[in-house]
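Structure assessment
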Amino acid sequence: MAKQILKAEVTSLGGLQLKCSARGFEFMIDEPENVGGTNAAMNPLEALLCSLGACKMMVARFFYQPKQIHLKKMRVELLGEIDSERLKGHPDVKVGFSKITTNYYIDAANSAAEIQAFVEFIEKTCPVKDTIVNAPEMELHINP
């Protein structure tokens, strides 16, 4: 089994604005004004939802033809439920999402059962979902 290392880097641009970089590509992260940001970009939790949705869409795009799905259009909506009391420092409130809901909107010339099977395949094949559900080992290094 060949292991691969993916590298991402996040740099502060001042305030709550961050530059996220990987493989020569960049995007910004910020926070809404009501929490001290400038609302110039999505926040990290929104970016996580987008990453999860993008991964599910990529799996669908890679496999719809081999799975004989006659896809016309597809959209994925993700809803992340989070308790805003976490911002007030309540120690008994979960810091991250307590629930993530995925809504699939699929227009395909297939039966409901075929579409259901395809969505089940997407859900078990998505690497980002697997990373969230089966948390990886986390390692921390503090460098000068």
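Under the annotation held in an unreviewed UniProt entry, the protein chain carries the name OsmC family protein and is attributed to Enterococcus pseudoavium.

**Examining the overall build of the protein chain**
Per the secondary structure count, the protein chain includes three helices and five strands. In the protein chain, the succession of helices and strands from N to C terminus is β-β-β-α-β-β-α-α. Its C-alpha radius of gyration of 18 Å places the protein chain more than 25% over the 15 Å reference for a compact globule of 144 residues. Looking at the protein chain as a whole, 22% of its 144 residues qualify as buried. In the protein chain, 44% of the contacts between residues at least 6 apart in sequence involve partners at least 24 apart.

**Points about the packing of helix 1 (residues 44–63) against helix 2 (residues 112–125)**
Contact pair helix 1 / helix 2: the axes reach a minimum separation of 9 Å and the direction vectors enclose 120°. Relative to helix 2, helix 1 is oriented oblique. As for how helix 1 packs across helix 2, the hand of that crossing is right-handed. Between helix 1 and helix 2, the contacting residues are Lys56, Val59, Ala60 and Phe63 on the first element and Phe118, Phe121, Ile122, Glu123 and Thr125 on the second.

**Concerning helix 2**
In a regular helix each residue adds 1.5 Å, so 14 residues correspond to 20 Å; helix 2 covers 20 Å between its end C-alpha atoms and thus fits that length. Those residues of helix 2 that fall on the buried side of the exposure criterion are Ile115, Phe118, Val119, Phe121, Ile122 and Glu123. Summarising the contacts, the buried residues of helix 2 are in contact with helix 1, strand 4 (71–81), strand 5 (99–108) and helix 3 (127–133).

**Side note on the sheet that holds strand 1 (residues 9–14)**
Pairing in this open sheet of three strands is antiparallel, and the strands run 1-2-3 from one edge to the other. Each having just a single partner strand, strand 1 and strand 3 (25–29) make up the two edges of the open sheet. Across this sheet, the average inter-strand angle for adjacent strands is 25°, counted without regard to direction.

**With respect to the nonpolar core**
The tendency in soluble globular proteins is for nonpolar side chains to be buried side by side. Counting 20 residues, the largest nonpolar core has Ile69, Leu71, Met74, Tyr104, Phe118 and Ile122 as the members making the most contacts within it. At the level of elements, helix 1, strand 4, strand 5 and helix 2 are the ones that each hand at least two residues to this core. Residue contacts for Phe118: discarding those within four places in its chain leaves Ala60, Phe63, Tyr64, Lys67 and Ile69.

The rules behind the values
Each residue is numbered by its place in its chain's sequence as written, counting from 1. Residue-level local features of this predicted model are given only where pLDDT is at least 70; pairs of side-chain atoms are given and counted only at 80 or more, and the full residue set underlies all totals for whole chains, interfaces and linings. Excluded from the side-chain calculations are hydrogens and water; all other atoms, namely the structure's heavy atoms, are used. By the criteria applied, helices consist of DSSP H or I runs no shorter than four residues and strands consist of E runs no shorter than two, each listed in order from the N terminus. The globule rule used for comparison is 2.2 Å times the number of residues to the exponent 0.38, while the radius of gyration itself is calculated over C-alpha atoms. Throughout, exposure labels follow a simple rule: accessible area from a 1.4 Å probe, protein chains only, divided by the maximum for the residue type, with under 20% read as buried, over 50% as exposed, and the rest as partly exposed. Whether two residues are in contact is decided by their heavy atoms: any pair within 4.5 Å suffices. Angles shown run from 0 to 180 degrees and are taken between the N-to-C directions of axes, each axis being a line fitted to C-alpha atoms and, for helices, limited to the stretch in contact. By the definition adopted for this analysis, an angle is roughly parallel if under 35 degrees, roughly antiparallel if over 145, roughly perpendicular if from 65 to 115, and oblique otherwise. The sense of a crossing depends on the near helix, which, turned anticlockwise from the far helix by less than a right angle, makes the crossing left-handed and, turned clockwise, makes it right-handed. A helix's residues, less one, multiplied by 1.5 Å, set its expected span. Strands are treated as partners if at least two bridges between them are detected by DSSP. Put simply, buried Ala, Val, Leu, Ile, Met, Phe, Trp, Tyr and Cys residues joined by side-chain atoms within 4.5 Å make one nonpolar core.

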